[in-house]
Amino acid sequence: MDGAAFAAPFAADADFVNIRGEHFRGQAAVAAGHAAIFRTIYAGSTVHFTLEGARLLRAEVALVRVHSILDAPQGPLAGRHGARFSLVLTKEPGGWKIAAFHNTLEAAKAGG
């Protein structure tokens, strides 16, 4: 529930596309956006991440696929929501950084 901590692994000029298709540019924008949702629609929520796959595209560029389950206890997003996201990571002098993050909400399953 800390926007700055969430954004820490992002590159300074990272691209972030959320589940609604909104595009944020830069680590500061990712931090501010997440600080806002952690205070409001995601307040009290938990999320579980499962690594689905990762591969090097080049020695210093990796593509990572992750599945997430968000449990929101209240508000407009109350309930359980699945999403998948793809990340492009680049190896920087201080370690790997997220250069791009694209998040896609899973369609609701029939009957549940």
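Residues numbered from 1 in each chain as written. Predicted model: local features only at pLDDT ≥ 70, side-chain atom pairs only at ≥ 80, totals over all residues. Heavy atoms only, no water.

S.K.: What exactly am I supposed to notice about the packing of aromatic side chains here?
M.R.: Centre-to-centre distance and the angle between the planes together describe a pair of aromatic rings. Summed over all chains, the structure comprises eight aromatic pairs. A ring pair is formed by Phe85 and Phe101, whose centres lie 4.4 Å apart and whose planes are at 20°; its orientation type is stacked. Residue Phe85 is found in strand S5 (residues 79-92), and its partner Phe101 is found in strand S6 (residues 95-105); the two are separated by 16 residues along the sequence. Under the relative-accessibility criterion, Phe101 is labelled buried at 7%. Among the aromatic side chains, those forming a connected cluster through ring pairs are Phe6, Phe10, Phe16, Phe24, Phe38, Phe49, Phe85 and Phe101. (Phe/Tyr/Trp six-rings, centres within 6.5 Å; stacked < 30°, edge-to-face > 60°. Helix = DSSP H or I, 4+ residues; strand = E, 2+ residues; numbered from the N terminus. Buried < 20%, exposed > 50% of the residue type's maximum accessible area, 1.4 Å probe, protein only.)

S.K.: Mind showing me how you'd approach the side chain of Ser68 here?
M.R.: Relative to the assigned elements, Ser68 resides in strand S4 (residues 61-72). Discounting residues that sit within four places of it in the chain, Ser68 has contacts with Val47, His48, Phe49, His81, Gly82, Ala83 and Phe85. (Contact = heavy atoms within 4.5 Å.)

S.K.: Sorry, what's going on with the side chain of His34 here?
M.R.: Following the sequence through the fold, His34 ends up in helix H2 (residues 27-39). The contacts of His34, once residues within four sequence positions are left out, are Gly3, Phe6 and Phe16.

S.K.: Explain the pattern of salt bridges here, please?
M.R.: Between side chains of opposite charge, pairing is possible as soon as their charged atoms come close. One pass over the structure, following the stated rule, counts six salt bridges. The salt bridge partner of Arg80 is Asp71, with a shortest N-O separation of 2.8 Å. When its relative accessible area of 60% is taken as the criterion, Arg80 is described as exposed. Salt bridges here are not isolated pairs; linked through shared partners, they connect Glu52, Arg65, Arg84 and Glu106. (Salt bridge = Lys/Arg side-chain N within 4 Å of Asp/Glu carboxyl O.)

S.K.: Explanation requested: H2 in the structure shown.
M.R.: Because an α-helix completes one turn every 3.6 residues, residues spaced three or four positions apart along the sequence face the same direction. The terminal C-alpha atoms of H2 lie 18 Å apart, and with 13 residues this matches the ideal 18 Å at 1.5 Å per residue to within 8%. Buried within H2 we find Val30, Ala31, His34 and Phe38. Looking down the long axis of H2, one finds its buried residues gathered within 95° of arc, a one-sided arrangement. Counted as exposed and oriented over 90 degrees from the buried face of H2: Ala28 and Arg39. Elements that come into contact with the buried residues of H2 comprise helix H1 (3-7) and strand S1 (10-17). (Expected span 1.5 Å × (residues − 1). Arc of directions from axis to C-beta.)

S.K.: Is there a simple way to explain the nonpolar core in this structure?
M.R.: Buried together is how nonpolar side chains tend to be arranged in soluble globular proteins. If you look at the biggest cluster of nonpolar residues, it comprises 15 residues, and the most contacted ones within it are Phe10, Leu87, Leu89, Ile98 and Phe101. Among the elements of the structure, S1, H2, S4, S5 and S6 are those that each provide at least two residues to this core. Broken down by element, this core gets its largest block of residues, four residues, from S1. Excluding residues that lie within four positions of it along the chain, Leu87 makes contacts with Ala62, Leu63, Val64, Val66, Ile98, Ala100 and Phe101. (Core = buried A, V, L, I, M, F, W, Y, C linked by side-chain atoms within 4.5 Å.)

Nothing here speaks to function; it is geometry throughout.
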